[in-house]
Amino acid sequence: MRIALVQLTSSRSVEDNLALVRARTAEAARRHADVVVFPEATMRAFGHSLTEIAEPLDGPWAQAVRAAADDAGVVVVVGMFTPGEGGTVRNTLLVHGRGVEAHYDKIHLYDAFGFLESDTVTAGKEPVTFTAGGVTFGLATCYDVRFPDLFTSTADDGAQVQIVCASWGPGPGKAEQWDLLVRARAVDSTCFVVAVGQSDPEAAGVDAKHGAPTGIGRSAVVNPFGHLLERAGSGPETLYVDLDVAQVAKAREALPVLANRVRL
């Protein structure tokens, strides 16, 4: 299973961001990727109005992403915004391609470090997995990575690979926390973790709103024992990784934390 992790900095323009999705998806297909993962908020960067661009899952932006995935013959996972309750939006991951159709609404909202995502976003309620090419994936978005129960829940539902799409806010200690958390969630769930973040706007040459969680890069791939396999820098880039999911069963035999845990 070859995964492409597309680290980019999205902008205010949904059209420009869609063009990036199309181009990077086609490029990843040429590199023989099976699954192409984009960050949270690929549709529009944080710091701009989300309600004015949020659309249903059958809206034009989502349909264009589906067309790009189908044209390339890959599964695409991409962060977008769908209508929420009371004038809010949902922070949604759209999954499409190779007969797969799924979506995940971010459960844990980022009410931390002075940012109140719950002011503008309706929280999701259900963990989500999908299966492609015989591999089962769990889905998580950014702040979710601080909550181990989501990852053990999707592992209980069969996940062998955990996808984390993020727009990780900068700040003192935040990079170290990101690095630690993506490795910890791999060990908690004895899964591979594929964590794809927005790149640093400064490194990407993109203007960003001050105070918005606009990304630090450092996308990463971690194996089920928590060993770092790949890590991106701060700027835009695409990582390619070939995952041997048979390692998951071997890890769970050697380290059966899912089977041994006691629910208190």
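Residues numbered from 1 in each chain as written. Predicted model: local features only at pLDDT ≥ 70, side-chain atom pairs only at ≥ 80, totals over all residues. Heavy atoms only, no water.

All right, on to the confidence of the model for the protein chain then. Per-residue pLDDT for the protein chain has a mean of 97; in total, 100% of the residues score no lower than 70. Per-element mean pLDDT across the protein chain ranges from 88 in helix α5 (residues 201-204) up to 99 in strand β2 (residues 35-37). (pLDDT = per-residue confidence, 0-100. Helix = DSSP H or I, 4+ residues; strand = E, 2+ residues; numbered from the N terminus.)

The next subject is the packing of aromatic side chains. Per the stated rule, a full pass over the model turns up seven aromatic pairs. Between the aromatic rings of Phe-130 and Phe-137, the centroid separation amounts to 4.9 Å while the plane-to-plane angle is 10 degrees, which identifies the pairing as stacked. Judged by its relative accessible area of 0%, Phe-137 is buried. Consider the rings of Tyr-143 and Phe-147, whose centres lie 5.3 Å apart with planes at 80 degrees: the pair is edge-to-face. Ring-pair connections join several aromatic residues into one group, and the members of that group are Phe-46, Phe-81, Tyr-110, Phe-115, Tyr-143 and Phe-147. Just above the ring of Tyr-240 sits the side chain of Arg-31; from NZ or CZ to the centre is 4.0 Å. Residue placement shows Lys-174 over the ring face of Phe-113; its charged tip is 4.8 Å from the ring centre. (Phe/Tyr/Trp six-rings, centres within 6.5 Å; stacked < 30°, edge-to-face > 60°. Buried < 20%, exposed > 50% of the residue type's maximum accessible area, 1.4 Å probe, protein only. Lys NZ or Arg CZ within 6 Å of the ring centre and 35° of its normal.)

How two helices sit against one another is set out by the angle between their axes and by the gap between those axes. Packing of helix α1 (residues 14-30) against helix α2 (residues 60-72) brings their axes to within 9 Å, and their N-to-C directions diverge by 15 degrees. Between α1 and α2, the interaxial angle falls into the category roughly parallel. Crossing geometry of α1 relative to α2 is assigned as right-handed. Only Trp-61, Ala-64, Val-65, Ala-68, Ala-69 and Ala-72 of α2 make contact with α1, whose side of the interface consists of Val-14, Leu-18, Val-21, Arg-22, Thr-25 and Ala-29. (Axes fitted to C-alpha atoms, helices over the stretch in contact; angles between N-to-C directions. Parallel < 35°, antiparallel > 145°, perpendicular 65-115°, else oblique. Left-handed = near helix turned anticlockwise from the far one by under 90°. Contact = heavy atoms within 4.5 Å.)

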